[in-house]
Amino acid sequence: MRILVVTVVHHPEDARILHRQITALRDRGHHVVYAAPFSAREVRPRPDLEGIDLPRAAGRDRRAAVGAARTLLAERGHEADVILLHDPELLLALPGTLRRWRRSGTGPVVVWDVHEDTAAALAMKRWVPAPLRPPLRLGVRAAERLAERHLRLLLAEDAYQERFRRTHPVVPNFTTAPARAPEPPDSERVVYVGHLSRARGALDLIETARHLGPGLRVEVAGAADPDVRDALTAADRDGVLRWHGFLPNDRALALLPGALAGLSLLHDQPNYRHSRPTKVVEYMAHGVPVITTPTPLAADMVEQHGCGLVVPYQDPRAAAAAIRRLSSDAILRHTAAQRGREAALTHFNWLEKAAEFTGWLEAWVREDAGAGRTRDAARTRRPRRRPAARPSPGPRPHPGRVG
């Protein structure tokens, strides 16, 4: 198959898009073209992957990015068997082109990969004025229902099914556990891997590091929202923590082996109540004990599998105390590391889900091709209609004659 993967929001090195889905497709022998904001993110496409540069959609003005995506889909979309979209904004780039494909009967299968609860996420967007959030949420829900009628959907979480009328395949954010047994969690390093924002606990990370004092250090890898960058830069400069900035997923995960603990300090936000934090699964897969706030799915994983500790929301002192507890109790941290690793291998292994993901795309292409053949055959077999016989006009009347 030929697959065109498109994002204008996510980083081109996004773990779900590049490191899991695109890798899985290429491992199956499919040809992938990847359209993403490479220049805006100051990265280059991987040498062995065809890349197309798009503007980045950020903040209030997303018209340039959506317009560029619309042009790309109109010009190159017909070359693909599958178009895989990763942003709700890209739904705005579809209508005209989608109608042309439908009329011609030659369009690709279009798939929207639903990464998050978009309507709930609006509450955390500081660039969206508060009075506009309720009507925008209604607009998002309407767009989701419209997308469900015309596109194929993949969902990142089981809980997202509730937003849709039909059942759609779930492709969760699992990870690939290292084949070799990881190093024991005996270093003095505490790690955080992932995007950094206020709602994701970026400022709590800094305060947690301050409460630790000497002997334990916090290492942070991830891109940061503008309103927390200065605080992270200052904390790195002052030696409070080490902020590596953005690292590609494979390099970020290289920080995990041997770490004392992995942090996930999400705040209590609607968008996080239905989501399984990928970083928690990654910590588990690499044998790193987890310290998480009580977002439902993360807390359930930690408590069910005994792979770490749960601390209150927005409580850096409690997070620092949990780190010190793991540091002082070798049995606790080794047991948590082992149980997390076993659970990741058994329940959260991407290698198993990768086959399901590629299988859905392949099945949809076959199904669409079969439907196209059926339509063509029906048109070919349809008999030509004969014109209806005209009734005989009978004898012509003669004026003035009766009988």
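Up top you'll find the structure we're talking about.
Keep in mind that this is a model prediction, so the values were computed, not measured.

**Student:** Would you mind going over the packing of helix H9 (residues 278–285) against helix H12 (residues 330–347) with me for this structure?
**Tutor:** Two numbers describe how H9 lies on H12: the axes approach to 7 Å, and their chain directions differ by 110°. With respect to each other, H9 and H12 are oriented roughly perpendicular. On H12, the residues touching Val281, Met284 and Ala285 of H9 are Gly340, Arg341, Ala343 and Ala344. Taken together, the residues that form the contact of H9 with H12 break down as five nonpolar, one polar and one charged.

**Student:** Hey, could you run me through the layout of surface pockets in this one?
**Tutor:** It is a probe the size of a water molecule, rolled over the atoms, that shows where empty space is left. When its volume is computed, the second largest pocket comes out at roughly 440 Å³. Residue contributions to the lining of the second largest pocket peak at five residues, all from helix H13 (residues 350–381).

**Student:** Sorry if this is basic, but what is going on with the sheet that holds strand S12 (residues 308–310) here?
**Tutor:** Strand pairing in a sheet takes place through backbone hydrogen bonds and is either antiparallel or parallel in direction. If you trace the six strands from one edge of the open sheet to the other, you get S9-S8-S7-S10-S11-S12, paired in parallel fashion. Only two strands of the sheet have a single neighbouring strand rather than two, namely strand S9 (242–243) and S12. Where strand S7 (residues 189–193) and strand S8 (residues 217–221) come together, five bridges link them in parallel fashion. The residue bridging valine 191 from the neighbouring strand is glutamate 219, located in S8.

**Student:** Where do I start with the side chain of histidine 10 in this structure?
**Tutor:** Considering the arrangement of structural elements, one finds histidine 10 in the loop between strand S1 (2–6) and helix H1 (15–27). Among the polar contacts listed, one links the side chain of histidine 10 to the side chain of histidine 115, at a separation of 3.5 Å. Residues in contact with histidine 10, not counting those within four places in the same chain, are Ile17, Pro37, His86, Asp87 and His115.

**Student:** Honestly, the environment of isoleucine 3 in this entry has me stumped. Any pointers?
**Tutor:** Mapped onto the elements, isoleucine 3 comes out in strand S1. By relative accessible area, which is 2% here, isoleucine 3 ends up buried. Here the alpha-carbon distance between isoleucine 3 and valine 33, two residues 30 residues apart in the chain, equals 6.3 Å. Apart from the residues lying within four places of it in its own chain, the contact partners of isoleucine 3 are Leu25, His30, His31, Val32, Val33, Val82 and Leu84.

**Student:** How should the pairing of S7 be read in this particular structure?
**Tutor:** Here is the key point about a regular strand: its side chains alternate between the two faces of the sheet. Of all five residues in S7, five are buried, a share of seventy percent or more. In this region the chain leaves S7, passes through helix H6 (residues 202–212) and returns to the parallel neighbour S8; the handedness of that crossover is right-handed. Judged from the two bridges that link them, S7 and strand S10 (residues 261–264) form a sheet pairing that is parallel. Following the sheet pairing, valine 190 is matched in S10 by alanine 261.

**Student:** Help me understand the side chain of aspartate 14, please; the structure alone is not making it clear to me.
**Tutor:** Along the polypeptide, aspartate 14 turns up in the loop between S1 and H1. In this structure, aspartate 14 is buried with no salt-bridge partner, the nearest side chain bearing the opposite charge being arginine 20 at 6.1 Å. A distance of 3.0 Å separates a polar side-chain atom of aspartate 14 from the backbone nitrogen of isoleucine 17. Setting aside residues no more than four positions away along its own chain, aspartate 14 makes contact with His19 and His115.

**Student:** It is not clear to me how the packing of aromatic side chains should be interpreted in this structure. Could you clarify?
**Tutor:** As enumerated under the stated definition, the model contains four aromatic pairs in all. Taking 5.6 Å as the distance between ring centres and 85° as the angle between the ring planes, the aromatic pair formed by tyrosine 34 and phenylalanine 38 counts as edge-to-face. Among the residues examined, phenylalanine 38 registers a relative accessible area of 5% and is labelled buried. Arranged with centres 6.4 Å apart and planes meeting at 40°, the rings of tryptophan 350 and phenylalanine 357 form a pair that is tilted.

**Student:** For this particular structure, what's the right way to read H1?
**Tutor:** Along an α-helix, a turn takes 3.6 residues, which lines up residues three or four apart on a common side. The sharpest bend along H1 comes to roughly 25°, located at glutamine 21. Sitting at the head of H1, aspartate 14 places a side-chain oxygen 3.0 Å from the backbone nitrogen of arginine 16. Following H1 by one or two positions, glycine 29 adopts a phi angle in the positive range, close to 90°.

**Student:** Would you mind going over the packing of H6 against helix H11 (residues 316–328) with me for this structure?
**Tutor:** If you want to describe how two helices pack, look at the angle between their axes and the distance between the axes. Orientation of H6 relative to H11, taken along the N-to-C sense of each, is 55°, at an axis distance of 8 Å. Overall, the two elements H6 and H11 adopt an arrangement that is oblique. Handedness of the H6/H11 crossing: right-handed. Every residue of H11 that contacts H6 at Asp204, Glu207, Thr208, His211 and Leu212 is listed here: Pro316, Arg317, Ala319, Ala320, Ile323 and Arg324.

**Student:** Whenever I open this one, the nonpolar core confuses me. Can you help?
**Tutor:** Nonpolar side chains in soluble globular proteins generally cluster together in the buried interior. Ranked by internal contacts, the top residues of the largest apolar core, which has 80 residues, are Tyr34, Leu196, Met284 and Phe357. Not counting the four nearest positions on each side in its chain, methionine 284 is found in contact with Val290, Met301, His305, Cys307, Gly340, Arg341, Ala343, Ala344 and Phe348. Ranked by size, the runner-up nonpolar core spans 33 residues in total, among them Ala35, Leu94, Leu153 and Phe164.

**Student:** I'm lost on the sheet that holds strand S2 (residues 31–36) in this one. Help?
**Tutor:** The parallel open sheet is built from six strands, whose spatial order is S3-S2-S1-S4-S5-S6. Where the open sheet ends on each side, the last strands, each with one partner, are strand S3 (50–53) and strand S6 (152–155). Neighbour-to-neighbour, the strand axes of the sheet open up by a mean angle of 20°, direction not taken into account.

**Student:** When you look at helix H3 (residues 95–104) in this model, what are you seeing that I'm missing?
**Tutor:** Three or more residues of H3 are buried, namely Thr97, Leu98 and Trp101. The buried residues of H3 occupy an angular sector of 100° when projected down its axis, which confines them to one face. Across H3 from its buried face, at more than 90 degrees, point the exposed residues Arg99 and Arg103. Immediately beyond the C-terminal end of H3, within one or two residues, lies glycine 105, with a positive phi of roughly 70°.

Parameters at a glance
Along each chain, residue indices are assigned from 1 in the same order as the chain's sequence is written. In keeping with the model being predicted, local features are shown solely for residues with a pLDDT of at least 70 and side-chain atom pairs are shown and tallied solely at 80 or more, while totals for entire chains, interfaces and linings include all residues. The side-chain figures draw on all heavy atoms in the structure; neither hydrogens nor water molecules are used. To get an axis, a line is fitted to the C-alpha atoms, and for a helix only the part in contact is used. The angle between two axes follows their N-to-C directions and goes from 0 to 180 degrees. Comment: elements are numbered from the N terminus, with helices defined as DSSP H or I runs of at least four residues and strands as E runs of at least two. Roughly parallel means an angle under 35 degrees; roughly antiparallel, over 145; roughly perpendicular, 65 to 115; everything else is oblique. Contacts are assigned to residue pairs with any non-hydrogen atoms lying within 4.5 Å of each other. Residue classes follow a fixed rule: Ala, Val, Leu, Ile, Met, Phe, Trp, Tyr, Cys and Pro count as nonpolar, while Asp, Glu, Lys and Arg count as charged, and any other residue, Gly among them, counts as polar. With a 1 Å grid laid over protein atoms only, a set of points is called a cavity when a 1.4 Å probe fits there but cannot get out and a pocket when it is open yet has protein on both sides within 12 Å along at least five of seven lines; lining residues have an atom within 4 Å of a point. Grid points are joined across faces, edges and corners, and a volume is the space filled by probe spheres set on the points. Two strands pair under a simple rule: DSSP has to find at least two bridges between them. Think of a polar contact as two N or O atoms within 3.5 Å of one another; within protein, one of them needs to be a possible hydrogen donor and the other a possible acceptor, and neighboring residues in sequence only count if both atoms come from side chains. Each residue gets one of three labels from its accessible area relative to the maximum for its type: buried under 20%, exposed over 50%, partly exposed in between, using a 1.4 Å probe on protein chains only. By convention a crossover is right-handed if, when the strands point away from the viewer, the path from the first strand over the helix to the second runs clockwise. His is not counted, nor are the chain ends, whereas Lys and Arg count as positive and Asp and Glu as negative. What counts as a salt bridge is simple: a side-chain nitrogen of Lys or Arg found within 4 Å of a carboxyl oxygen of Asp or Glu. Working definition: a ring pair exists when centres of Phe, Tyr or Trp rings (six-membered ring for Trp) sit within 6.5 Å. Plane angles under 30 degrees give stacked, over 60 give edge-to-face, the rest tilted. To get the bend at a given residue, fit one axis to the seven residues ending there, fit another to the seven starting there, and take the angle between those axes. By the definition used in this description, the sense in which the near helix is turned from the far one sets the handedness, with an anticlockwise turn below a right angle giving left-handed and a clockwise turn giving right-handed. Remark: nonpolar core denotes a set of buried residues (Ala, Val, Leu, Ile, Met, Phe, Trp, Tyr, Cys) joined through side-chain atoms within 4.5 Å. Directions drawn from the helix axis to the C-beta atoms are what define this arc.

These results come straight from atomic positions and should not be treated as a statement about function.
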